[in-house]
Amino acid sequence: MSDLSVTLGSARSLWRRVDGAWTALALLVMATAVLVPQDLSARAVEAGGFLLNTAPFILFAILSLAFVKASGSEALLARAFTGSPHRMIVLAAMLGGLSPFCSCEVIPFIAMLLAVGAPLSAVMAFWLASPLMDPAMFIITAGGLGVGFALAKVVAAVGLGVLGGYAMYALTASGAFADPLRPQERKGCCGARKPFSGQPVWRFWTERPRREIFGEEALSNGHFLLKWLALAYFIEALMIAYIPADLIAEILGGDGAGPIVLGAVVGAPAYLNGYAAVPLLAGLIEQGMSAGAAMSFLVAGGVSSIPAAVAVWALVRPPVFAAYLGFGIVGAILAGMSWALIA
């Protein structure tokens, strides 16, 4: 019995040392190599391209958080998210609706905001609104689906942010979500370590301990973001290649509330790039997809696609993750029903 206990204890210890993100990515790569070996290089190149396009945002987030830690300026950043919670939620939703970040690219910035103690309600408002619209996407959406649809999506982005922000505010006021970050990632990009106190030292490189903090934070943050976004983008590349668009059109055709709800439910896990989705949805609408279903599909897919969900899951505790998905789906259904009535 003692030998069995030792064996089980060793197995558990080994399992805890296994990195889930790299392991999942390796399994997906091996499965692709076995099932469709001729496509492996194309999928890998595509995923690498996605990651490369995101690299400037990742690098900026990594260096920003390392600078915050090394200079001791966390308190100043935290104070930027103080004041009236109502003002913060509305402003965060409006800023999120204008920011040029997709659902995966916004993860590093959300990590930094949560790390410095920003209110979860305001962060959630920004988090939900940010992937849905930016100036370039507005122009493309207006050209492909009409100015009315593009304006409705802007309103949906801000409205979803406000809805999620106030819902999270009510939940946190009741004592829920007191600690949103996963504890095992505290030394990663969501770390809560505060190595310095007092007034910030902006020229941190003049002090060796602060230089060491900068290097440690940059390395740990970079590793955290690289592994999860690499996994997310490889999944995205697989979905682009192997989920047929005509199947989506067949499921989401017709009128009434049913297609709108289905649009949100299917759009949540489906791949959806905001720019590539415009011509796709234009074709699907021509094939019979309802306008409301198109809106719900677009909103839900932009907020909580599988690549985004993978990154969110790595960052926050399961209750916050569930709230994020719930807000996204409910908001997408409301946006779809509202647009169906207007359109």
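## Considerations on the side chain of K153
Right, on to step 1. Tracing the sequence through the fold places K153 in helix α9 (residues 147-173).
Right, on to step 2. K153 sits in the buried class, given a relative accessible area of 3%.
Right, on to step 3. Contact partners of K153, with chain neighbours within four places excluded, come to L132, M133, M137, M295 and L298.

## What to know about the environment of A92
Right, on to step 1. Locating A92 in the fold gives a position in helix α5 (residues 85-98).
Right, on to step 2. Judged by its relative accessible area of 8%, A92 falls in the buried class.
Right, on to step 3. Sequence separation between A92 and F126 is 34 residues, and the spatial gap between their C-alpha atoms is 4.8 Å.
Right, on to step 4. Ignoring anything within four residues of it in the chain, the contact list for A92 reads A122, A125 and F126.

## Notes on the side chain of K227
Right, on to step 1. When you line up the elements, K227 lands in helix α10 (residues 208-242).
Right, on to step 2. Taking relative accessible area as the criterion, K227 reaches 9% and is therefore assigned buried.

## Overview of the confidence of the model for the protein chain
Right, on to step 1. Mean pLDDT over the protein chain: 77, with 75% of residues reaching 70 or higher.
Right, on to step 2. Low pLDDT, under 50, characterises residues 184-196; the predicted model gives this stretch 42 contacts beyond four residues in sequence or across chains.

## Focus on the packing of helix α2 (residues 20-35) against α10
Helices that pack against each other are described as a pair by the angle of their axes relative to one another and the distance between those axes.
Right, on to step 1. Look at α2 against α10: their axes get within 9 Å of each other, and the N-to-C directions meet at 30°. Overall, the two elements α2 and α10 adopt an arrangement that is roughly parallel. For the pair α2 and α10, the sense of crossing is left-handed. Only H223, L226, K227, W228, A230, L231, F234, I235 and L238 of α10 make contact with α2, whose side of the interface consists of A21, W22, A24, L25, L28, V29 and T32.
Right, on to step 2. Residues of the contact of α2 with α10, tallied by class, amount to 13 nonpolar, 2 polar and 1 charged.

## Notes on α2
Right, on to step 1. Here α2 contains 16 residues, and its C-alpha end-to-end distance of 22 Å stays within 8% of the 22 Å for a straight helix at 1.5 Å per residue.
Right, on to step 2. Of all the positions in α2, only A21, L25 and T32 are classed as buried. All buried residues of α2 lie within an arc of 30° about the axis, which places them on one face of the element.

## A look at the nonpolar core
Right, on to step 1. Ranked by size, the top nonpolar core spans 79 residues in total, and within it I110, L114, W127, L281, V299, L315 and V316 carry the most contacts.
Right, on to step 2. With 13 residues, the single largest contributor to this core is α10.
Right, on to step 3. Sequence-distant contacts of V316, defined by excluding residues within four places in its chain, comprise L114, W127, P180, L181, R182 and F321.

## Considering the packing of helix α12 (residues 257-267) against helix α16 (residues 318-342)
Right, on to step 1. At a closest axis distance of 9 Å, the pairing of α12 and α16 adopts a crossing angle of 145°. Crossing hand, α12 versus α16: right-handed. Contact residues: A257, I260, V261 and A264 in α12; I329, A332, I333, G336, M337 and A340 in α16.
Right, on to step 2. Tallied by class, residues from the contact of α12 with α16 come to 9 nonpolar, 1 polar and no charged.

## Brief notes about the packing of aromatic side chains
Right, on to step 1. Taken as a whole and judged by the stated rule, the model has 6 aromatic pairs.
Right, on to step 2. A ring pair is formed by F67 and W202, whose centres lie 6.0 Å apart and whose planes are at 15°; its orientation type is stacked. You can see F67 sitting in helix α3 (residues 40-71) and its partner W202 sitting in the loop between α9 and α10, a full 135 residues away along the chain.
Right, on to step 3. Residue classification places W202 among the partly exposed positions, given a relative accessible area of 45%.

Basis of the calculations
- Residues numbered from 1 in each chain as written.
- Predicted model: local features only at pLDDT ≥ 70, side-chain atom pairs only at ≥ 80, totals over all residues.
- Heavy atoms only, no water.
- Helix = DSSP H or I, 4+ residues; strand = E, 2+ residues; numbered from the N terminus.
- Buried < 20%, exposed > 50% of the residue type's maximum accessible area, 1.4 Å probe, protein only.
- Contact = heavy atoms within 4.5 Å.
- pLDDT = per-residue confidence, 0-100.
- Axes fitted to C-alpha atoms, helices over the stretch in contact; angles between N-to-C directions.
- Parallel < 35°, antiparallel > 145°, perpendicular 65-115°, else oblique.
- Left-handed = near helix turned anticlockwise from the far one by under 90°.
- Nonpolar A, V, L, I, M, F, W, Y, C, P; charged D, E, K, R; others polar.
- Expected span 1.5 Å × (residues − 1).
- Arc of directions from axis to C-beta.
- Core = buried A, V, L, I, M, F, W, Y, C linked by side-chain atoms within 4.5 Å.
- Phe/Tyr/Trp six-rings, centres within 6.5 Å; stacked < 30°, edge-to-face > 60°.

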